[in-house]
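Summary of the model geometry
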Amino acid sequence: MVVRQTLMVCVLAVLAYLGVWWAFSGTDEPARSAPESLFLTDYSKAVKGICVRFSGPGENDQGLTIIDCRGDRAALKVGTVLAETSGKCPRGDYKVLRDTRHNAALCLLPNAERGDCFELDTDDLQRSVVSKFDCAAPRVNVQVVDIADESCPAEAELGVPYEDMTLCLRRVR
């Protein structure tokens, strides 16, 4: 008798939990653009346009975390996902990360909008630490003047071409 009552209480508890879950798991809410934080271990699963940050102590630690592109420190985004580690990025000066375990590579570019400020080496993005800062920060060395389809406006000191756009920059310091 006691076993039967315990079993019945457990079944009712599970049914109540499933009912509450079903009631609150509707699809009325808009989908979020990116998870708040998701560790990316297989680069072949990455999607063009997501923003990432290095999860370790520096960029030599190849652990990546997917972050919201609207965040203040979202400095890098995936421009292209290559199906092989030996693949080449399309036109542009990308930071390339290779995942030999999953035979994939990521072509990363600055997550930039007009007016954003960065610390980056415009001569060698691959070796450069790419960081987004408030424009008043002492480490800032370039500011985004425009994001153009092809050529940059006159106020831009340099243009960094990519597959779908040209990043137009001016030196700050």
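The structure displayed is predicted, hence computed values, not measured ones. (Residues numbered from 1 in each chain as written. Predicted model: local features only at pLDDT ≥ 70, side-chain atom pairs only at ≥ 80, totals over all residues. Heavy atoms only, no water.)

Our next topic: the overall build of the protein chain. Helix and strand counts for the protein chain come out as one helix and eleven strands. Residues counted as buried form 38% of the 173 residues belonging to the protein chain. Relative to all contacts within the protein chain whose residues are 6 or more apart in sequence, the contacts with residues 24 or more apart total 54%. (Helix = DSSP H or I, 4+ residues; strand = E, 2+ residues; numbered from the N terminus. Buried < 20%, exposed > 50% of the residue type's maximum accessible area, 1.4 Å probe, protein only. Contact = heavy atoms within 4.5 Å.)

This brings us to the pairing of strand E10 (residues 158–161). Going residue by residue along E10, you find Leu158 and Val160 tucked away on one face and Gly159 and Pro161 left uncovered on the opposite face. Two strands pair when backbone bridges link them, and E10 and strand E11 (residues 166–171) are joined in this way by four bridges, in the antiparallel orientation. Looking across to E11, one finds that Pro161 is bridged to Thr166. Counted between consecutive antiparallel strands, the loop separating E10 from E11 contains four residues. (Pairing = 2+ DSSP bridges.)

Turning next to the pairing of strand E3 (residues 64–67). Residue alternation in E3 divides its side chains into two sets, Leu64 and Ile66 and Thr65 and Ile67, and both sets are buried. By the bridge criterion, three bridges tie strand E1 (residues 38–40) to E3 in an arrangement that is antiparallel. Bridging across to E3, Leu38 finds its partner in Ile66.

Hydrogen bonds between backbone groups are what pair the strands of a sheet, and the pairing can be parallel or antiparallel. With respect to topology, six strands assemble into an open sheet ordered E1-E3-E2-E4-E6-E5, the strand pairing being antiparallel. Looking at the sheet topology across the chains shown, the edges are occupied by E1 and strand E5 (95–99). Here the strands of the sheet are splayed against their neighbours by 40 degrees on average, with no regard to which way each runs. Pairing of strand E4 (residues 76–82) with strand E6 (residues 104–110) involves six bridges; the strand directions are antiparallel. Within the sheet, the bridge partner assigned to Val81 lies in E6 and is Leu106. (Axes fitted to C-alpha atoms, helices over the stretch in contact; angles between N-to-C directions.)

So, on to the packing of aromatic side chains. For the coordinates displayed, the defined rule picks out one aromatic pair. Ring centres of Tyr94 and Tyr162 lie 5.1 Å apart, and the angle between their planes is 75 degrees; on these two criteria the pair is classed as edge-to-face. Of this pair, Tyr94 sits in the loop between E4 and E5 while Tyr162 is found in the loop between E10 and E11, placing the two residues 68 residues apart along the sequence. In this structure, Tyr94 and Tyr162 share a single accessibility class: buried. (Phe/Tyr/Trp six-rings, centres within 6.5 Å; stacked < 30°, edge-to-face > 60°.)

This part is about the side chain of Ser131. With respect to the secondary-structure elements, Ser131 resides in strand E8 (residues 131–133). Looking at Ser131, the relative accessible area reads 15%, which means it is buried. Contacts of Ser131, omitting those with residues within four sequence positions, involve Ala75, Cys117, Phe118 and Glu119.

Bringing the state of the cysteines into the picture now. Here the structure, examined in full by the defined rule, presents four disulfides. Covalent S-S linkage joins Cys51 and Cys69, the inter-sulfur distance amounting to 2.1 Å. Judged by the sign of its S-S torsion, about 110 degrees, the cystine formed by Cys51 and Cys69 is right-handed. Within this pair, whereas Cys51 is found in strand E2 (residues 51–54), its partner Cys69 is found in the loop between E3 and E4, the two being separated by 18 residues in sequence. Here Cys89 connects covalently by a disulfide to Cys107, the sulfurs 2.0 Å from one another. Because the sign of the S-S torsion sets the handedness, a value of about -95 degrees for the bond joining Cys89 and Cys107 places this disulfide among the left-handed ones. (Disulfide = S-S within 2.5 Å.)

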